[in-house]
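Topology and contacts: notes
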Amino acid sequence: MKVVFLGPPGAGKGTQAAIISKAAGIPTISTGMILRDAMAQGTVLGKEAEGYVKKGELVPDDVIIGIVKERLIQPDCEKGYILDGFPRTVAQAQALDDMLPDALDTAFSFEVADSEIMARLTGRRECGACGAIYHIKNGPSAKGSACEKCDGELIQRADDKEETIRNRMDVYHRQTEPIKDYYKQRGKLVCVDASGEPERLAKELLKRLGL
Ligand code: AMP
């Protein structure tokens with residue numbers, strides 16, 4: 001199973017990817033997570049990406065495409081994978097098609113209003129150790145500012161500040177949304193309602209994927 005999760009920041013792609021990954025026994029490849037890890041470790045990639053990520057801009061296509069190409073040839077990707085946050089430009093979508101020996105199954109587009117995104121992202125907290133996602137109002141950790149799963153510290157992502165969120169939403173509408181047409185033309189696009197509670201969407205995705 002090879003699927004892409006498309007959608008604005010805060011649409012719940014990471015949350016749903018964790019559920020589907022577990023159910024299908026396939027990895028999630030999150031380019032945002034790869035970049036944040038690289039930034040935390042201060043690698044060459046991390047230093048290159050930092051300026052873009054902090055401003056909410058996209059990291060250049062050639063950098064991201066190189067990362068994904070290397071990741072997809074790892075043995076754990078043999079049964080399939082979920083791509084979360086990639087592709088984000090039409091050029092990335094084309095590069096993905098070029099690197100896959102057989103076609104992608106589905107590109108799910110997570111549809112949610114900008115106003116709901118803003119409320120979600122300003123309250124979002126992420127575990128600095130394992131990446132688990134919480135929300136101060138809608139899904140707090142039972143352990144307060146520590147992660148329920150690994151006791152790691154919950155942090156607000158640097159790019160979850162209001163001004164950066166606006167920029168990321170703008171970048172999404174301008175640069176990423178055109179991908180929907182790209183997949184529609186190829187008969188791969190499935191739009192899903194990502195508003196409201198995550199449980200409903202999880203059920204729908206599991207059903208659509210036959211899990
Ligand atoms: P995310 O965790 O998916 O919201 O990604 C966080 C940030 O990482 C984005 O705002 C971009 O700066 C960068 N990023 C992640 N994935 C990509 C991508 N496919 N292309 C370009 N930049 C990306």
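In this report, the structure presented in the accompanying data block is examined.

Rules used in this analysis
Residues numbered from 1 in each chain as written. Predicted model: local features only at pLDDT ≥ 70, side-chain atom pairs only at ≥ 80, totals over all residues. Heavy atoms only, no water. Salt bridge = Lys/Arg side-chain N within 4 Å of Asp/Glu carboxyl O. Helix = DSSP H or I, 4+ residues; strand = E, 2+ residues; numbered from the N terminus. Buried < 20%, exposed > 50% of the residue type's maximum accessible area, 1.4 Å probe, protein only. Axes fitted to C-alpha atoms, helices over the stretch in contact; angles between N-to-C directions. Parallel < 35°, antiparallel > 145°, perpendicular 65-115°, else oblique. Contact = heavy atoms within 4.5 Å. Nonpolar A, V, L, I, M, F, W, Y, C, P; charged D, E, K, R; others polar. Near = heavy atom within 4 Å. Polar contact = N/O pair within 3.5 Å; in protein donor to acceptor, adjacent residues only side chain to side chain. Areas by Shrake-Rupley, 256 points an atom, 1.4 Å probe, with all protein chains shown as cover.

Attention now goes to the pattern of salt bridges. Two side chains bearing opposite charge may form a pair once their charged atoms approach each other closely. Counted under the stated rule, the structure contains 17 salt bridges. In this structure, Arg 120 engages Glu 116 in a salt bridge whose closest nitrogen and oxygen atoms are separated by 2.8 Å. Here Arg 120 pairs with Glu 116, and both are found in helix H6 (residues 114-122), just four residues apart, close to one helical turn. Look at Arg 120 and you get buried, because its relative accessible area is 15%. A relative accessible area of 25% places Glu 116 in the partly exposed class. Salt-bridge contacts for Asp 159 lead to Arg 157; the nearest nitrogen and oxygen are separated by 3.0 Å. One salt-bridge network, in which partners are shared between bridges, spans Arg 36, Arg 124, Glu 126, Arg 157, Asp 159, Asp 160 and Arg 168.

This part is about the packing of helix H2 (residues 31-41) against helix H4 (residues 61-72). One way to put it is that H2 packs onto H4 with a least axis distance of 11 Å and a crossing angle of 100 degrees. Relative to H4, the element H2 is oriented roughly perpendicular. Here Thr 31, Ile 34 and Leu 35 of H2 come into contact with H4, specifically with Ile 64, Ile 67 and Val 68. When the residues that make up the contact of H2 with H4 are grouped by side-chain class, the tally is five nonpolar, one polar and no charged.

So, about the site of the ligand. The immediate surroundings of the ligand are formed by 16 residues, with Thr 31, Arg 36, Glu 57, Gly 85 and Gln 92 found nearest. Taking Gly 85, its main chain carries an N or O atom lying 2.9 Å from a nitrogen atom of the ligand. Protein contacts shield 96% of the accessible area of the ligand, which totals 480 Å² for the unbound molecule. With four residues, H2 is the single largest residue contributor to the shell around the ligand. Of the residues assigned to the shell around the ligand, the class counts are six nonpolar, four polar and six charged.

Our next topic: unusual backbone geometry. Between Phe 86 and Pro 87 the backbone carries a cis peptide bond, its omega angle lying at 0 degrees. In this fold, Pro 87 is placed in the loop between strand S3 (81-84) and helix H5 (90-99). Of note, Asp 151 is a non-glycine position whose phi angle comes to about 65 degrees, a positive value. With respect to the secondary-structure elements, Asp 151 resides in the loop between strand S6 (133-135) and strand S7 (154-155). For Asp 151, a relative accessible area of 51% corresponds to the exposed category.

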